[in-house]
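Here's the letter readout for the chains.
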Amino acid sequence: MGNPIQRRWFPVSGFRFPGAASCISAAKGDLEKKRRKFFQVFRNMSSTAGQVIKCRVLGFSLFLGYIAAVSWEAGKPLVIQEVEVAPPQAMEVRMKILFTSLCHTDVYFWEAKGQEPVFPRIFGHEAAGIVESVGEGVTDLAPGDHVLPVFTGECKECIHCLSAESNMCSLLRIDTDRGVMLADGQSRFSINGQPIYHFLGTSTFSEYTVVHSGCVAKINPLAPLDKVCILSCGFCTGFGATVNVAKPPKGSTVAVFGLGAVGLSAAEGARYSGASRIIGVDINPNRFEEAKKFGVTEFVNPKDYDKPVQEVIAEITNGGVDRSIECTGNVNAMISAFESVHDGWGVAVLVGVPHKDAVFKTHPVNFLSERTLKGTFYGNFKPRTDLPGVVEKYLNKEIELEKFITHEVSFSDINKAFDYMLQGDSLRCIIRMDD
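None of these values were measured; they are calculated from a predicted model.

**Q** Tell me about helix α9 (residues 309-316), residues and numbers included.
**A** Turning to α9, its buried residues are V309, Q310, V312 and I313. Viewed end-on, α9 has its buried residues packed into an arc of 155 degrees, placing them on one side of the element. Each element contacted by the buried residues of α9 is listed here: β14 (253-257), β15 (277-281), β16 (298-300) and α10 (331-339). One or two steps after α9, the chain reaches N318, where phi turns positive at roughly 60 degrees.

**Q** Can you explain the pattern of salt bridges? Please cite residues and give values.
**A** Taken as a whole and assessed by the stated rule, the structure comprises 19 salt bridges. Across the pair E268 and K403 runs a salt bridge whose closest N-O atoms are separated by 2.8 Å. Highlighted residues: E268 in helix α7 (residues 261-273) and K403 in the loop between α12 (383-395) and β20 (405-410), separated in sequence by 135 residues. Overall, K403 belongs to the buried group, its relative accessible area being 14%. Its salt-bridge partner being D357, residue K356 comes within 3.4 Å of it at the nearest N-O pair. You'll find K356 and D357 in the same group, each marked exposed.

**Q** Summarise the environment of E157; cite the residues concerned and give the values.
**A** Locating E157 in the fold gives a position in the loop between β9 (146-149) and α4 (159-162). In this structure the C-alpha to C-alpha distance between E157 and C169, which are twelve residues apart in sequence, comes to 8.8 Å.

**Q** Outline the sheet that holds strand β18 (residues 347-350), supporting the account with residue identities and numerical values.
**A** Taken together, six strands build an open sheet; the order of strands is β16-β15-β14-β17-β18-β19 and the sheet is parallel. At either end of the open sheet lies a strand with only one pairing partner, and these are β16 and β19 (372-375). Adjacent strand axes in the sheet meet at a mean angle of 20 degrees, parallel and antiparallel pairs treated alike. Inspection of the sheet shows β14 paired to β15 by five bridges, in the parallel sense. Its bridge partner being in β15, V256 is matched across the sheet by G280.

**Q** Report on the packing of helix α3 (residues 104-111) against helix α13 (residues 414-422), specifying residues and quantitative values.
**A** It is the contact of α3 with α13, at a shortest axis distance of 11 Å, that shows an interaxial angle of 100 degrees. Between α3 and α13, the angle is such that the two are roughly perpendicular. Between α3, through H104, V107, W110 and E111, and α13, the contact on the second element is made entirely by F418, M421 and L422. A class-by-class count of the residues in the contact of α3 with α13 yields five nonpolar, one polar and one charged.

**Q** Describe the environment of P120, and please don't skip the residues or the numbers.
**A** Relative to the helices and strands, P120 resides in the loop between α3 and β8 (126-134). Of the residues examined, P120 reaches a relative accessible area of 8% and is grouped as buried. Once the C-alpha coordinates of P120 and H198 are considered, the two residues, 78 residues apart in sequence, prove to be 9.0 Å apart. With near-sequence residues (within four places) excluded, P120 lies in contact with V70, S71, W72, Q194, P195, I196 and Y197.

**Q** Can you explain the packing of aromatic side chains? Please cite residues and give values.
**A** Scanning the model with the defined rule gives 18 aromatic pairs in all. When the centroid spacing of 6.4 Å and the interplanar angle of 70 degrees are considered together, the rings of F205 and F418 count as edge-to-face. Residue F205 is located in the loop between β11 (194-196) and β12 (208-212), and its partner F418 is located in helix α13; the two are separated by 213 residues in the primary sequence. With a centroid separation of 5.1 Å and an interplanar angle of 20 degrees, the aromatic rings of F235 and F239 are classed as stacked. Taken together, the residues F235 and F239, both in helix α6 (residues 234-246) and four residues apart, mark about one turn of the helix.

**Q** So what's going on with the side chain of S265? Residues and values would help.
**A** With respect to the helices, strands and loops of the structure, S265 is situated in helix α7. Owing to a relative accessible area of 1%, S265 belongs among the buried residues under this scheme. A polar side-chain atom of S265 sits 2.8 Å from the main-chain carbonyl oxygen of A261. Discounting chain neighbours no more than four positions away, the residues touching S265 are G234, F235, G238, F239 and F404.

**Q** Lay out the pairing of strand β21 (residues 428-432) with the relevant residues and their values.
**A** In terms of burial, β21 is largely enclosed, as four of its five residues are buried. Pairing between strand β7 (residues 92-101) and β21: three bridges, direction antiparallel. Bridging across to β21, S101 finds its partner in I430. Pairing geometry for β20 and β21, over five bridges, is parallel. For V409, the partnering residue across the bridge sits in β21 and is I431. Handedness of the β-α-β unit built from β20, α13 and β21 comes out right-handed.

How each quantity is defined
- Residues numbered from 1 in each chain as written.
- Predicted model: local features only at pLDDT ≥ 70, side-chain atom pairs only at ≥ 80, totals over all residues.
- Heavy atoms only, no water.
- Buried < 20%, exposed > 50% of the residue type's maximum accessible area, 1.4 Å probe, protein only.
- Helix = DSSP H or I, 4+ residues; strand = E, 2+ residues; numbered from the N terminus.
- Arc of directions from axis to C-beta.
- Contact = heavy atoms within 4.5 Å.
- Salt bridge = Lys/Arg side-chain N within 4 Å of Asp/Glu carboxyl O.
- Pairing = 2+ DSSP bridges.
- Axes fitted to C-alpha atoms, helices over the stretch in contact; angles between N-to-C directions.
- Parallel < 35°, antiparallel > 145°, perpendicular 65-115°, else oblique.
- Nonpolar A, V, L, I, M, F, W, Y, C, P; charged D, E, K, R; others polar.
- Phe/Tyr/Trp six-rings, centres within 6.5 Å; stacked < 30°, edge-to-face > 60°.
- Polar contact = N/O pair within 3.5 Å; in protein donor to acceptor, adjacent residues only side chain to side chain.
- Right-handed = clockwise from strand over helix to strand, strands pointing away.

Structure representation (structure tokens):
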């Protein structure tokens, strides 16, 4: 299983490695220059027995450390610091994260709005990396495998996993409150003995993390990890809502409510399915031009009308759309999405997560008129079974991921990713772990 990744100190004098002379020479300069020089020399060193490859210089000493972005308080900037990570226990995997991205869910729980706060914590759940070591009982993963960690899992044994219709694994279903591992109820992260809590069982804002093996999808090693990392959450949630749940027939009309990252992923699913009209519905007109890249053919801004948007859509589609996908989490948008589908065959799919006190209200005759309302979780994808196939779709150029990536930052600048998201400038910001 490997040893804990932890702090190791070596004096510069007597420590021999390629480039030592230039590093010691650099040590005569300021501290930041020394730090950068050592990082440059050690960047490509491989790890042995679970030790990390990064290093830091403090004074004239060399520090091999495990680096993570720790959230100590709601809404406060993440702190880049050294953290110890324990070896994987039974049915767990320790992996090196190479690329991660910021999802709105990370921001929501970082702000601690509407839920019980759990701090200190390491956020992050969209990522890609390489397996470093595996715990007892893990047979389908091995060190060196290219993988995607996922916030929900697939044990392949429970009633949900054995069902062809469900991806709601009884054992590994998402739990936003749990900050520890299932095996022993303990965290694998710590700083000077203080536990640092997990987030969604993934905690990818770190160089190394420990994840239950049922939440790890092994993928084609040819896939570029800086692109496919976004499949761990947002893209598959929206794309799957359309392709797996709404299932629009070729030539159909689809309305997408909310043109954020998930909504545009839903639009991409409609484009992939061959929809003839894809109507984007959003109150932010700045999103309309960008949405054309994702297959959206026309736009409706509810603020431009003095009547319910479902009536507007019914008028421009001769009675309603064939399919609608709601991606905002606003209960009024959910009602509009349902009431905008055509009677007789229309299907509406709810993707967004509403406020805990929200109430969905519609007249029963809307159901009696043979409209169908569905919900979905992670686009109905089974992580371990289905994600490798989505990666292959990307490699075969059937779907596009690059257009979802609007920003890229180094790990040391991770707080900029939060700024981009909060300012509404970002769909997905890729965070490079190799600083």
